2 protein chains.
Amino acid sequence: MRIAVLGTGEVGRRLATKLVSLGHEVAMGSRTADNAEAVKWAEEHGGAHGTFADAAGPAELVVNATGGLVSLAVLESAGAENLRGKVLVDVSNALDFSEGFPPKVLTPDGGSLAEQLQKAFPETRVVKTLNTMTNTVMVEPDRVPGDHNVFLSGDDEGAKAVVADLLRSFGWPSGRILDLGDLSSARATEQLVQLWLRLYGMFGTGDFNFSVSVAGSAGFAAS
Amino acid sequence: MRIAVLGTGEVGRRLATKLVSLGHEVAMGSRTADNAEAVKWAEEHGGAHGTFADAAGPAELVVNATGGLVSLAVLESAGAENLRGKVLVDVSNALDFSEGFPPKVLTPDGGSLAEQLQKAFPETRVVKTLNTMTNTVMVEPDRVPGDHNVFLSGDDEGAKAVVADLLRSFGWPSGRILDLGDLSSARATEQLVQLWLRLYGMFGTGDFNFSVSVAGSAGFAAS
């Protein structure tokens, strides 16, 4: 699949590298066409790079791996026409460190960042996922022991099915992919980042994840 | 120990009953001295009942099991002099259903309900805990399989130690009691209720709980 990864930070590079290793054609998008991180990544891993619009244009699926505070501007820069009809995998979190630690987790329009993006790009199929863990665990769930979970939120069932396939290719078993429902459920996972930050401070490592244990249950089907 | 449980709802009755079964002297507090639920509970379980102030006055430890939207008013009714120096176990959540489901989880003063209560009663030792699960799991953790967790937040280490002892007496092993730090960490667990509500809708049961799985770890010491 042709995939654009928007964002050249640690999350974007980790996801882009994993996607290349799985055989996808990956373009890393950034504000400028010659972002140093993107150029370096593309050389090392055999991907492409360019502006947000360059990357998104030919892509079949777009990953938003930019900081949540700038995601809306990034997608506007990528261009609605380059996002139309496509699955947008939103892994971002809107952390406001302006008043120090712990950061505030912003809720744009009183809801979630994912809903804000969906509202701004109504013809794009936004799926929120992977936003509740560190980037190493996203692409290598076995780093953490146990039946820990990844969550999915989105209004488009077909888009969620595509993303669930992608998650399975990352190593997430179907029974550990929990589809929380429509995109408003992203409010719940975006806020979970507050607990993640506390636990990160406590454990001194990001190699942890959340699990949900249920009485009398042996797992749940993914979408 | 002499314990006041403020609130006559399902959570308050469940906790009060467990505390009586563990040998504590329990008084259930409510708005009026002759609340029907409190009278019935006291008759059935051998506890006492009375107003919020009646219950809190002689107590060594006070449990806030009222709805988060009314907790501040309830504690004012209990009276600062009846709460002074005491451990207040705050299990409440501030759920605003005024705009339907999912409810908003209110963040008073931009923080947590627990911090709001601490600020209003600076001489009371507020500990937030048990607010991330349904009441049956609070007092019977083995209803849910696996090494799921209960969280603790509070500014007073001594108070947290008292509450950790209480949790152990409920059946929570030390390694599953996660002390998140000061009371501002209650923001993280109060917001977790958003995810809880989604999962409740998905599973159709409240008999589930959250776990944290960490790479290379075999558990954590309680405070």
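Note that this is a predicted model, so its numbers are computed, not measured. (Residues numbered from 1 in each chain as written. Chains lettered and ligands numbered in written order. Predicted model: local features only at pLDDT ≥ 70, side-chain atom pairs only at ≥ 80, totals over all residues. Heavy atoms only, no water.)

Enquirer: Just to check I follow, could you spell out the pattern of salt bridges for this structure?
Expert: Pairing of side chains with opposite charge becomes possible as their charged atoms draw close. With the rule as written, the count across this model stands at 30 salt bridges over all chains. In this structure, the salt-bridge partner of glutamate 115 of chain A is arginine 187 of chain A, at a minimum N-O distance of 2.8 Å. In this pair, glutamate 115 of chain A sits in helix α6 (residues 113–120) while arginine 187 of chain A sits in helix α9 (residues 186–203), placing the two residues 72 residues apart along the sequence. A relative accessible area of 26% places arginine 187 of chain A in the partly exposed class. Where aspartate 156 of chain B meets arginine 125 of chain B, a salt bridge forms, and the shortest distance between an N and an O atom there is 2.9 Å. (Salt bridge = Lys/Arg side-chain N within 4 Å of Asp/Glu carboxyl O. Helix = DSSP H or I, 4+ residues; strand = E, 2+ residues; numbered from the N terminus. Buried < 20%, exposed > 50% of the residue type's maximum accessible area, 1.4 Å probe, protein only.)

Enquirer: Looking at this structure, I do not really get the packing of aromatic side chains. What am I missing?
Expert: The full count for this structure, using the stated rule, is 8 aromatic pairs over all chains. Measuring from ring centre to ring centre gives 5.3 Å for tryptophan 196 of chain B and phenylalanine 208 of chain B, while their planes differ by 25°; the resulting arrangement is stacked. Here phenylalanine 208 of chain B lies in strand β11 (residues 208–214) and tryptophan 196 of chain B lies in helix α9 (residues 186–203), a separation of 12 residues in the sequence. The residues tryptophan 196 of chain B and phenylalanine 208 of chain B share a single accessibility class, namely buried. A ring pair is formed by phenylalanine 208 of chain B and phenylalanine 210 of chain B, whose centres lie 6.3 Å apart and whose planes are at 90°; its orientation type is edge-to-face. Like phenylalanine 210 of chain B, phenylalanine 208 of chain B is buried. Within the aromatic cluster, the residues linked to one another by ring pairs are Trp196, Tyr200, Phe203, Phe208 and Phe210 of chain A. (Phe/Tyr/Trp six-rings, centres within 6.5 Å; stacked < 30°, edge-to-face > 60°.)

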